[in-house]
Amino acid sequence: MTEVDLESHRRDVEGELRADVRAGLTAERKWLPPKWFYDAEGSELFEKITELPEYYPTRSEREVLAARAGDIARLTDAHTLVELGSGSSEKTRLLLDALTEHGTLESFVPLDVSESALAEAAAAITADYPKLEVRGVVGDFTQHLNLLPGTAPRVVAFLGGTIGNFLPEERATFLRSVREVLDEGEWLLLGTDLVKDRETLERAYDDAAGVTAAFNRNVLRVINARLGANFDLDAFEHVSHWDAEHEWIEMRLRARHEVTVAIPGAELQVHFAAGEHIRTEISAKFRPAGVEAELAAAGFAVERWWTDSQERFGVSLARS
Ligand code: AVJ
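Residues numbered from 1 in each chain as written. Predicted model: local features only at pLDDT ≥ 70, side-chain atom pairs only at ≥ 80, totals over all residues.

Looking at an unreviewed UniProt entry, the protein chain carries the name Histidine N-alpha-methyltransferase, with the source organism given as Amycolatopsis rhabdoformis. Word for word, the UniProt comment on the protein chain under Catalytic activity (unreviewed entry) is "L-histidine + 3 S-adenosyl-L-methionine = hercynine + 3 S-adenosyl-L-homocysteine + 3 H(+)". (UniProt positions renumbered as here; feature names shortened; annotations may be inferred.)

Below you can see the structure in the form of structure tokens.
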């Protein structure tokens, strides 16, 4: 495989995990941030999720990007494509192809918390786009936006519906911080999964093959590995719940029976009552008017709004 240089802004991963575990597992209602799913194994499990029959968002978004990549290239004249939470960058190739053909693109800047996923993606893109400058950044998109390289005009792509992992207030803060690092006339390309019936949504997060369940439990394996904890993964049941009031999917790990877990690396003992759960992820679903309003509140003007043929997933192209 091609070797690539990555720039890393993740300085104290153990310390960050320790702080998150202490905050989340001592709370009245236990929770953990979803970014800890994505070690090498978790990133691979997520790639498998994207291929599941029940998990439609990846296919729906790909349909939109395949149809609109040429429009995106023409409208933006992008010199730099930045991708936040890039993972495998598989769908991004549609954008790279269109922007390369359009003739403006100079560099690609994928940013991800998973060094393994990023290294693999950056190497594959470097090999397949020899004229492109690829500058992978290992980092957290809530912390490391101000360090993004590349010449203007830039397009910041935040795809897959990952914005749905934020709570509404965090979302507003995040969108404003993206707007702040961009100059006037630069772009945000945002993927948002749309509100739909409960069954489709809950099944997308609870597949028959159990891949999402393994992905969910992976956060416990990460805590075991990094903080020396003794979570028994079989003691926790995977739950996918559509919260119709907040319009988000909530993934939970529910204790099948009473259990006490030791987490030496966080100097913590955590007690679970039978049936008590940890909220491990929210995945908010959107309505078109809501997306536009949130982008406007952050200082973006939506220039284009596209959906797939089944109107399951929306993609906004917004201008700073
Ligand atoms: C990568 C955050 C977009 O919320 O749909 C998939 C993660 N979690 N199945 C999503 C996920 C469970 C995914 N994102």
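Still more ground to cover, so stick around.
Some thoughts on the UniProt feature "domain: Histidine-specific methyltransferase SAM-dependent" (unreviewed entry) in the protein chain
The UniProt feature table records "domain: Histidine-specific methyltransferase SAM-dependent" (unreviewed entry) at residues 18-319. A distance of 38 Å separates the end C-alpha atoms of residues 18-319, which is 37% helix and 25% strand. (Helix = DSSP H or I, 4+ residues; strand = E, 2+ residues; numbered from the N terminus.)

Let's talk about the packing of helix 2 (residues 40-49) against helix 8 (residues 211-227)
As a packed pair, helix 2 and helix 8 sit with axes 9 Å apart at the nearest point and diverge in direction by 165°. As far as their axial angle goes, helix 8 and helix 2 are roughly antiparallel. Crossing hand, helix 2 versus helix 8: left-handed. The segment helix 2 lies against helix 8, with Glu-41, Gly-42, Leu-45, Phe-46, Lys-48 and Ile-49 engaging Val-211, Thr-212, Ala-214, Phe-215, Asn-218 and Val-222. Taken together, the residues of the contact of helix 2 with helix 8 break down into seven nonpolar, three polar and two charged. (Axes fitted to C-alpha atoms, helices over the stretch in contact; angles between N-to-C directions. Parallel < 35°, antiparallel > 145°, perpendicular 65-115°, else oblique. Left-handed = near helix turned anticlockwise from the far one by under 90°. Contact = placed C-beta atoms within 7 Å. Nonpolar A, V, L, I, M, F, W, Y, C, P; charged D, E, K, R; others polar.)

Quick word on helix 1 (residues 13-25)
With 13 residues, helix 1 extends 18 Å from end C-alpha to end C-alpha; this agrees with the ideal 18 Å at 1.5 Å per step. Taken as a whole, helix 1 has its buried residues at Leu-17, Val-21 and Leu-25. Looking straight down helix 1, one finds its buried side chains confined to an arc of 35°; they lie on one side. Pointing more than 90 degrees away from the buried face of helix 1 are the exposed residues Gly-15 and Ala-19. (Expected span 1.5 Å × (residues − 1). Buried ≥ 20, exposed ≤ 12 C-beta atoms within 10 Å, placed from the backbone. Arc of directions from axis to C-beta.)

A word on the site of the ligand
Taken together, Ile-49, Pro-57, Gly-160, Gly-161, Thr-162, Gly-164, Asn-165, Tyr-205, Thr-212, Phe-215, Glu-281 and Ser-283 form the complete shell of residues around the ligand. Going through the elements one at a time, helix 8 and strand 12 (277-284) are the ones with two or more residues in the shell around the ligand. Taken together, the residues that form the shell around the ligand break down as four nonpolar, seven polar and one charged. (Near = placed C-beta within 6 Å.)

A word on the UniProt feature "binding site: S-adenosyl-L-methionine" (unreviewed entry) in the protein chain
Per the UniProt record, "binding site: S-adenosyl-L-methionine" (unreviewed entry) is found at Gly-85, Lys-91, Asp-112, Asp-140 and Phe-141. Within the secondary structure, Gly-85 sits in the loop between strand 2 (80-84) and helix 4 (92-102). C-beta crowding within 10 Å serves as the criterion here: with 21 such atoms nearby, Gly-85 is assigned to the buried category. Ignoring anything within four residues of it in the chain, the contact list for Gly-85 reads Asp-112, Phe-141, Phe-158, Gly-160 and Thr-162.

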